[in-house]
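Architecture at a glance
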Amino acid sequence: MKKRVFSGFRPTGKQHIGNYLGTIQNCVSLQQEYNCIYCVVDIHALTTLENTDTLQEDIHEMVLDWLAAGIDPEKSILVVQSHIPQVTELHTLFSMVTPLSWLLRVPTFKEKVKMQPHNVNYGLVGYPVLMTADIALYKGEVVPVGEDQLPHLELAREILRRFNSLFGFVFPEPQAKLTQFPLIMGLDGVSKMSKSYNNHIEIASSPQQILERVMTAVTDPARRYRSDPGHPEICNIFSLHKFFTSNRVDEIASDCRSAKIGCVECKKLLAANIASNLEPFREKKAALTAKPNYVTEVLADGATRAEVIAKETMREVKENMRLL
Ligand code: SF4
């Protein structure tokens, strides 16, 4: 029997190559080894989102990109968090067993308070409890995390341990699957690739759009003239070549250092390789887009399958808590 992976993602709309290389490819490969539940955590998004005008569109675009990139709805459950109301019920019950002091010491809560002092809502402090409910509702056994997310998972494990000790065993403690998510820098070369910094390349971009975006990228600032030798180790274009031109990285590094290749030529090569690498994705996305209800149907099917698990978990929880 395959173990169950749970992973949640904020709805961020059309995906960029940072999402693709960092997360999506990992989720696609996990499907071979695990039963995966991939959840669009729209309620979590509300803790920092003050305007929800584009929320539905963002969910749709993100799920469409994920499906086109290889998430297989026959193998995995794709579900939107708010479509399964049991998650908020379990969150409320977990909030009764979670000491407030555990939540107040979470570093990301303190960071969020600094980032949005005008909107320190209750959801921000309860975020780890809702995250625990997300995982526990489906009895997730494995959670892929980067090293920076390990403390959050440990807190979830503590909450579940406390629940089990107070009310009897219901929940397995989820194990971390430590994953090296590559840090993909944006085209500005200083920040992580992100839509909010407008330093990204959408994976659905046409070859021409990819070229236009890549040509704006910052390279080695010491290379002011074509004849200047470059330093590929500090150039983000070179970092991206490692993913998209992996068979020629040594040659590119050497040609950059000896000024045999110029930045314009180097960027054109990268843009062409990104475009050809993502061609199967673009073709699949076009085919899926031609089925206007496809994403809605996938999410409805995911909700039906997820709800079966959720209802059974809640029955056990309520029985153990003497709520039934
Ligand atoms: Fe970067 Fe390529 Fe220019 Fe070297 S030649 S600095 S790797 S863009």
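Residues numbered from 1 in each chain as written. Predicted model: local features only at pLDDT ≥ 70, side-chain atom pairs only at ≥ 80, totals over all residues. Heavy atoms only, no water.

We now examine the site of the ligand. Close to the ligand lie Thr 219, Asp 220, Arg 223, Cys 235, Ile 237, Phe 238, Cys 256, Cys 263 and Cys 266, which account for all nearby residues. Listing elements by their share of the shell around the ligand, those giving two or more residues are α10 (236-244) and α12 (263-277). Taken together, the residues that form the shell around the ligand break down as 6 nonpolar, 1 polar and 2 charged. (Near = heavy atom within 4 Å. Helix = DSSP H or I, 4+ residues; strand = E, 2+ residues; numbered from the N terminus. Nonpolar A, V, L, I, M, F, W, Y, C, P; charged D, E, K, R; others polar.)

Across the interface, α12 lies against helix α13 (residues 279-289) with an axial gap of 4 Å and an inter-helix angle of 45°. Relative to α13, the element α12 is oriented oblique. Across the interface between the two elements, Ala 275, Ser 276 and Asn 277 of α12 pack against Glu 279, Pro 280 and Arg 282 of α13. Looking at side-chain class alone, the contact of α12 with α13 contains 2 nonpolar, 2 polar and 2 charged residues. (Axes fitted to C-alpha atoms, helices over the stretch in contact; angles between N-to-C directions. Parallel < 35°, antiparallel > 145°, perpendicular 65-115°, else oblique. Contact = heavy atoms within 4.5 Å.)

Turning to the pattern of salt bridges, a few remarks are in order. With the rule as written, the count across this model stands at 14 salt bridges. The partner of Asp 65 in a salt bridge is Lys 285, with the nearest N and O atoms 2.6 Å apart. Taken together, the residues span a long stretch of sequence, with Asp 65 in helix α3 (residues 55-68) and Lys 285 in helix α13 at a distance of 220 residues. Taken as a pair, Asp 65 and Lys 285 share a single burial class, namely buried. Across the pair Glu 173 and Arg 161 runs a salt bridge, and its minimum N-O distance is 3.0 Å. Of this pair, Glu 173 sits in the loop between α8 (150-167) and β5 (175-178) while Arg 161 sits in helix α8, placing them 12 residues apart in sequence. With a relative accessible area of 36%, Arg 161 lands in the partly exposed category. (Salt bridge = Lys/Arg side-chain N within 4 Å of Asp/Glu carboxyl O. Buried < 20%, exposed > 50% of the residue type's maximum accessible area, 1.4 Å probe, protein only.)

Turning next to the packing of α10 against helix α11 (residues 249-257). One way to put it is that α10 packs onto α11 with a least axis distance of 9 Å and a crossing angle of 160°. With respect to α11, the axis of α10 lies roughly antiparallel. In this structure, α10 meets α11 at a crossing whose hand is right-handed. Along its contact with α10, which presents Phe 238, His 241 and Lys 242, the element α11 presents Val 249, Ile 252 and Ala 253. Taken together, the residues of the contact of α10 with α11 break down into 4 nonpolar, 1 polar and 1 charged. (Left-handed = near helix turned anticlockwise from the far one by under 90°.)

Where strand β1 (residues 4-9) meets strand β2 (residues 35-40), 6 bridges bridge the pair, whose relative direction is parallel. Within the sheet, the bridge partner assigned to Arg 4 lies in β2 and is Asn 35. (Pairing = 2+ DSSP bridges.)

So, on to the side chain of Gln 86. Inspection of the secondary structure assignment puts Gln 86 in helix α4 (residues 86-95). Classification of Gln 86 by relative accessible area gives buried; the value is 10%. If we skip the residues at most four places from it in the chain, Gln 86 touches Leu 137, Glu 307, Ala 310, Lys 311 and Met 314.

In terms of nonpolar packing, the biggest core is built from 56 residues, with Ile 17, Tyr 38 and Ile 274 touching the most fellow members. The residues contacting Tyr 38, other than those within four sequence positions of it, are Ser 7, Phe 9, Cys 27, Leu 30, Gln 31, Trp 66, Ile 71, Ser 76, Ile 77, Leu 78 and Val 79. Ranked by size, the runner-up nonpolar core spans 43 residues in total, among them Leu 93, Leu 130, Val 170 and Met 314. (Core = buried A, V, L, I, M, F, W, Y, C linked by side-chain atoms within 4.5 Å.)

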